[in-house]
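Next come the chains, spelled out residue by residue.
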Amino acid sequence: MFKNQNLFETESEKLRRRYRVFQVGFFVMLGIMGFTVYANFDYWVFKTLIANNYVFTGALDELYSRHILEENRRGGFRRDFDRVVISIVTAELSEIYNDRYTYLYAPQEIQEVRQTDRAVARTANIEKLNDETVYLFIPNISRITREFVQSNSIYLAQYDNLVLDLRGNYGGWLADFHRIADLFVPNGAVLSHEETRFPMFTRTIVSGGDAVFDFNNVVILQNRRTASAAEGLIMALSEHVPNVITLGQTTFGKGTGQVTIPLTGGYAVRATVLRVLGPQGQCIHNVGVAPDIVIDLGDDKIEKALEVIAVSYNNQHP
């Protein structure tokens, strides 16, 4: 009898404990909801006032048509109000600071960008130039090009010299730039620095594995359209890989990173959220990376690269 009574009391205590947890959770959630309402009160009042009550609806139609999809794709003044606000704010920021990387993606735009990036990435190629030298063209920095380089790393490593063509490479994902650089640089080498407004997200990126490549010479081809993560790759290799020679023109100069966050309705917002610095903390934004040898790279780009390799070889073996 006493045993059953103790068991009953134990079960009652469990129920009381669960109820207390529920109470605490309920009031915490209520507090969060109250704070959210308070923090967004002004915006919600403004949204309701304009989207639901503004009498000059023709003006609203004109405003919405300027900043989001055509009228037959819209969901109504209230539903699309947030998207219009995002579009206006990002457009103003872009105009003020000439930051063309902060904007609202319409549903069809983000799909088109992804398809274009994939199509461009698939143009990456490798070509044997002679018994000692191999040519590698990377058109952007993405998962596809990173996997392309990784999957061909054993073949590439057989050669003494590499001609790395980054002309027109507009960059891409920073994480893929880091993984490509890992194949070239020693473990623990600083690849770049990422600065944000929040100290907890500011970090120094170091290589995470032993280098696969050990080229005698690396000639990097670059031009004014070489940008972003491709510029980061150039700086990392120039800093940590012996006998790297850059050839061509000063690069574009994009030393920032963006994040893209999906929204409802297939939209997405993209914003510049970090500064990307070189291994020594150098900022190349709106400056670019100057080549070691300034030259116009035309159809004879391979011949010029091979000449540079020959000169470098002669200097190494006088």
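Structural data are supplied above this passage.
The paragraphs below set out a description of the structure included in this document. (Residues numbered from 1 in each chain as written. Predicted model: local features only at pLDDT ≥ 70, side-chain atom pairs only at ≥ 80, totals over all residues. Heavy atoms only, no water.)

A word on the packing of helix H8 (residues 174-182) against helix H9 (residues 229-240)
Then, number 1: Relative to each other, H8 and H9 sit at 25°, their axes nearing to 9 Å. Relative to H9, H8 is oriented roughly parallel. Handedness of the crossing formed by H8 with H9: right-handed. Where H8 abuts H9, its residues Leu174, Phe177, Ile180 and Ala181 lie against Ala229, Gly232, Leu233, Ala236 and Leu237.
Then, number 2: Among the residues making up the contact of H8 with H9, the classes are represented as 8 nonpolar, 1 polar and no charged. (Axes fitted to C-alpha atoms, helices over the stretch in contact; angles between N-to-C directions. Helix = DSSP H or I, 4+ residues; strand = E, 2+ residues; numbered from the N terminus. Parallel < 35°, antiparallel > 145°, perpendicular 65-115°, else oblique. Left-handed = near helix turned anticlockwise from the far one by under 90°. Contact = heavy atoms within 4.5 Å. Nonpolar A, V, L, I, M, F, W, Y, C, P; charged D, E, K, R; others polar.)

Focus: the packing of aromatic side chains
Then, number 1: Summed over the entire model, instances satisfying the criterion amount to 12 aromatic pairs.
Then, number 2: Between the aromatic rings of Tyr64 and Phe77, the centroid separation amounts to 5.3 Å while the plane-to-plane angle is 80°, which identifies the pairing as edge-to-face. Here the residue Tyr64 occupies a position in helix H3 (residues 57-67), and Phe77 occupies one in helix H4 (residues 77-97), the gap between them amounting to 13 residues.
Then, number 3: Geometrically, the ring pair formed by Phe198 and Phe201 is edge-to-face, given 6.3 Å between the ring centres and 85° between the ring planes.
Then, number 4: Residue Phe198 is classed as exposed on the basis of its relative accessible area of 54%. (Phe/Tyr/Trp six-rings, centres within 6.5 Å; stacked < 30°, edge-to-face > 60°. Buried < 20%, exposed > 50% of the residue type's maximum accessible area, 1.4 Å probe, protein only.)

Looking at empty space enclosed by the protein
Then, number 1: Evaluated as defined, the whole model comprises 1 cavity of 30 Å³ or more.
Then, number 2: Empty space within the largest cavity amounts to approximately 60 Å³.
Then, number 3: Leu174, Ser228, Ala229, Glu231, Gly232, Met235, Lys254, Gly255, Thr256, Val276 and Ile284 together form the lining of the largest cavity.
Then, number 4: At 4 residues, H9 tops the list of elements feeding residues into the lining of the largest cavity.
Then, number 5: Per-class residue counts for the lining of the largest cavity are 5 nonpolar, 4 polar and 2 charged. (1 Å grid on protein atoms, 1.4 Å probe; cavity = no way out; pocket = protein on both sides within 12 Å on 5 of 7 lines; lining within 4 Å. Points joined across faces, edges and corners; volume = space filled by probe spheres on them.)

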